[in-house]
Structures are given as structure tokens and as C-alpha cells.
Amino acid sequence: MHCLVFDRGSTSVMKTTCRIGVNVTMLNEIARGTLWQVKCRNERLPLLRAADALAAMQLRAQELSGGKEVLTDIFGRGGRTVLFGDALWSPRGSIHDPQGEICGAHLRATLADDGVIQVSTEKTSCTAFPPDA
């Protein structure tokens, strides 16, 4: 008898699919199996790295700020291909000397199927700085 078995498994970084062919023979009511084919395919699972997401977020934040000095940081992961971050800038001065106003944005970096990192703006706002000004 010829049997064909399919099996799948995965780790945190790799997905493996195997096709296994087995010949089964009976001799004196004892089954004996021998492999006649084993083909496995490994596929690396997509992962958005924090450094890559941060670089893409920095570019998006530069666009939002009109080219001002920007501070960006990542604060969370939304799965293997999504990272969330924040950006801060001052429209009037530098981020270290805001001169009355500071702005910020919540950003979402997503690794698309084609490998391109897309950054969307979740929310932007500006406020007086210091807050009691």
C-alpha cells in the first residue's frame, strides 16, 4: 500500500510544510513502512523589525512636521507585521526648546505583503507648551 501524508508545523519565525510518501507492506501480519518520498518546504514568516519600523516612522514624522526636528519612539506591537509609535515636534522651535507649542502624532507601521513598510497616521494634535502657557 502507498500512503501520502501531509504535515505542517511552525515556529515563531518559520513555517514548514512536508509531503511524506510511505510504502506499507504486511509480512506475517506485521506492518512495515518505508519512506519513498520526503519533500519539505520552509517559509520564513514575515516580521517587521523595530529598527525598520522606526526609520519609516521617522520619515513620516518628518513629513508631518514640515521638516522640523522630530523625536520618534515605538511603544507597542500589534502582531508580527504591525508596530505602533509616537512622534513629537515643535512647529515654532526645536523639540528641546518648543517655544510655546508642541505637536505629536500616533503612528502605525505595517509590513505589507510586498515587503514595503507603510506608515499611517492614527492621530495628530498640538498643544501649548508648557501646558499652563
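For the structure itself, consult the block above.
Here the structure is a predicted model, which means the values were calculated and not measured. (Residues numbered from 1 in each chain as written. Predicted model: local features only at pLDDT ≥ 70, side-chain atom pairs only at ≥ 80, totals over all residues. Heavy atoms only, no water.)

S.K.: Tell me about the state of the cysteines, and name the residues and values.
M.R.: Going through the model one piece at a time under the given rule, you end up with 2 disulfides. Sulfur-sulfur distance for the disulfide between Cys18 and Cys40 comes to 2.0 Å. Residues Cys18 and Cys40 are joined by a disulfide whose S-S torsion is about 110°; by sign, that bridge is right-handed. Placement of the pair is Cys18 in strand E2 (residues 14–27) and Cys40 in strand E3 (residues 30–44), with a sequence separation of 22 residues. Taking relative accessible area as the criterion, Cys40 reaches 46% and is therefore assigned partly exposed. Each sulfur of the disulfide joining Cys103 and Cys126 lies 1.9 Å from the other. Taking the torsion about the S-S bond as the criterion, the Cys103 to Cys126 disulfide, at about 105°, is right-handed. Of this pair, Cys103 sits in strand E6 (residues 100–111) while Cys126 sits in strand E7 (residues 117–129), and the two are 23 residues apart along the sequence. (Disulfide = S-S within 2.5 Å. Helix = DSSP H or I, 4+ residues; strand = E, 2+ residues; numbered from the N terminus. Buried < 20%, exposed > 50% of the residue type's maximum accessible area, 1.4 Å probe, protein only.)

S.K.: Talk me through the environment of Gln99; I want residue IDs and the actual numbers.
M.R.: Relative to the helices and strands, Gln99 is located in the loop between strand E5 (82–89) and E6. Those residues in contact with Gln99 that lie beyond four places of it in its chain are Arg92 and Gly93. (Contact = heavy atoms within 4.5 Å.)

S.K.: Hey, could you go over the environment of Gly21 for me, with residue numbers and the actual values?
M.R.: With respect to the helices and strands, the residue Gly21 is situated in strand E2. Residues Gly21 and Trp36, 15 residues apart in the sequence, show an inter-C-alpha distance of 5.3 Å. Sequence-distant contacts of Gly21, that is, excluding residues within four places in its chain, are made with Cys3, Leu4, Thr34, Leu35, Trp36 and Gln37.

S.K.: Give me the sheet that holds E3: which residues, what numbers.
M.R.: The strand order E1-E2-E3 describes an open sheet built from 3 strands, whose pairing is antiparallel. Single-partner strands in this sheet number two, and they are strand E1 (2–10) and E3. The sheet shows a mean angle of 20° between the axes of neighbouring strands, direction not considered. As paired elements, E2 and E3 share 14 bridges and run antiparallel to each other. (Pairing = 2+ DSSP bridges. Axes fitted to C-alpha atoms, helices over the stretch in contact; angles between N-to-C directions.)

S.K.: Give a detailed account of the pattern of salt bridges, specifying residues and quantitative values.
M.R.: If you walk through the whole model with that rule in mind, you get 5 salt bridges. In the salt-bridge network here, residues are joined through shared partners; they are Lys15, Arg41 and Glu43. (Salt bridge = Lys/Arg side-chain N within 4 Å of Asp/Glu carboxyl O.)

S.K.: Got a sec to walk through the nonpolar core? Specific residues and values, please.
M.R.: Residues Leu48, Ala87, Trp89 and Leu107 are the most contacted members of the largest nonpolar core, which totals 13 residues. Those elements that provide at least two residues to this core are helix H1 (50–65), E5 and E6. Residue contributions to this core peak at 5 residues, all from E6. With near-sequence residues (within four places) excluded, Trp89 lies in contact with Leu64, Ser65, Glu69, Val70, Ile95, Ile102, Cys103, Gly104 and Ala105. (Core = buried A, V, L, I, M, F, W, Y, C linked by side-chain atoms within 4.5 Å.)

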